[in-house]
Amino acid sequence: LKVAGRTSAFAFKGRNEDLRGIGEALGVNHILEGSVRKAGNKVRVTAQLIQVSDGFHLWSDTYDRELTDIFAIQDEIANAILNAMKAELLEGQSIASTQVDPAVYEKYLLAKQRSYDRHKPDLELAARLLEEATTADPGFAEAWAQRGIVTLLLAADAYGDIPHEEAHLTARPFLDRALEINPESADALAGMGLWYRNRPGGLENELQAIEVLKQALDINPSMIDASNWLQLAYANTGRDKESMAILEDMFRRDPMYKPGTGNLVWTYASLGRFDAANRLIDQIKPYVRDDSWVMRFEGNVLLMASQPGAAYPKLMRSFELEPQDGPAELSAIWSMLM
């Protein structure tokens, strides 16, 4: 069963798009939509499973629950969906998860979603939310893991302004804490992969990164960040075919995940496949609410196609829209040097 990635699915939140258009953009045959409303300590969740081809409702339900264990509600809905789709995915088993305070879990989810855009202000907000989450629930491994990941993403050579070494020294205890609580945490293993990838040391660190990133994906094959960091490690160790295979699979699963799509656009352009790179941009452009990102990659493709005159205004405009964005700044500088 192919499930579209969270970033791509969330791109349609609150938008009155035709279901067939959404299904085509995500490459799926069914859509699950619904709502969550809260009043005091009560929550009402509505969910409906819709067939894209004809808009037929295969299943729907409403859940009124006390907001004491949100995971239990998630499990109940997920199992109902499995039954509705008659999909024998778990060999007769049902979905079950651990417990976490709902307020802490909400902070974790918001922080994780903010981190996908890779914007410095969003990453800084994510860091604050995760600090609050780990303070409120020190036993929540995934929050510690994401805190480590966000710290690494805020390094000066990534998307923030924390000095490189400081970011890595700060992030490591967060990741170690997550693995101490749960050695099988996919989030924490993925974070360790990112940590190894960004350490000086060349091939040895890339190989260590590959090992732990593969462990993370064995536990959670849908973890899009881990897939992206694994393909980068493969590319840096000469395994270009494996890197490309992951990139193209990531685009099929989660086309609006900008780090992966951006890397695929860049890879196509570096190989001289400019038409393929532009097709990717055109496919997601109507749904990406980030003009700076779109302009940056359109400009980068033009630069690599030896069209600096056409690239310059796009890259400068991208930087004007996001002056705190490190990659946008580098692209703008690149355009001025061409």
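The model shown is predicted, which means the values in this text are computed figures rather than measured ones.

Draft legend 1. Region of interest: the overall build of the chain. A tally of helices and strands in the chain yields 16 helices and three strands. In summary, the chain has a C-alpha radius of gyration of 21 Å against a globular reference of 20 Å for 338 residues, a match within 12%. Each principal axis of the C-alpha atoms in the chain carries an extent, and together these give about 60 × 50 × 40 Å. Among the 338 residues that make up the chain, the fraction classed as buried is 46%. Restricting to contacts in the chain with at least 6 residues of sequence separation, those with at least 24 account for 52%. Carbon and sulfur atoms make up 51% of the accessible area of the chain, which totals about 17100 Å².

Draft legend 2. The arrangement of the environment of Arg273 in detail. Positionally, Arg273 belongs in the loop between α12 (258-270) and α13 (274-284). Taking the relative accessible area as the measure of exposure, Arg273 reaches 38% and is therefore partly exposed. Residues Arg273 and Tyr234, 39 residues apart in the sequence, show an inter-C-alpha distance of 20 Å. In this structure Arg273 touches Met244 and Tyr268, once residues within four positions along its chain are discounted.

Draft legend 3. Just the sheet that holds strand β2 (residues 42-51), in detail. Pairing in this open sheet of three strands is antiparallel, and the strands run β1-β2-β3 from one edge to the other. Each edge of the sheet is formed by a strand with only one pairing partner; in this case those strands are β1 (30-39) and β3 (57-66). Averaged over all pairs of adjacent strands, the angle between their axes in this sheet comes to 10°, without regard to strand direction. Pairing geometry for β1 and β2, over 10 bridges, is antiparallel. Residue Ser35 lies in a different strand from β2, and its bridge partner there is Thr46.

Here is what the cut-offs are and how they apply
- Residues numbered from 1 in each chain as written.
- Predicted model: local features only at pLDDT ≥ 70, side-chain atom pairs only at ≥ 80, totals over all residues.
- Heavy atoms only, no water.
- Helix = DSSP H or I, 4+ residues; strand = E, 2+ residues; numbered from the N terminus.
- Rg over C-alpha atoms; globule rule 2.2 N^0.38 Å.
- Buried < 20%, exposed > 50% of the residue type's maximum accessible area, 1.4 Å probe, protein only.
- Contact = heavy atoms within 4.5 Å.
- Areas by Shrake-Rupley, 256 points an atom, 1.4 Å probe, with all protein chains shown as cover.
- Pairing = 2+ DSSP bridges.
- Axes fitted to C-alpha atoms, helices over the stretch in contact; angles between N-to-C directions.

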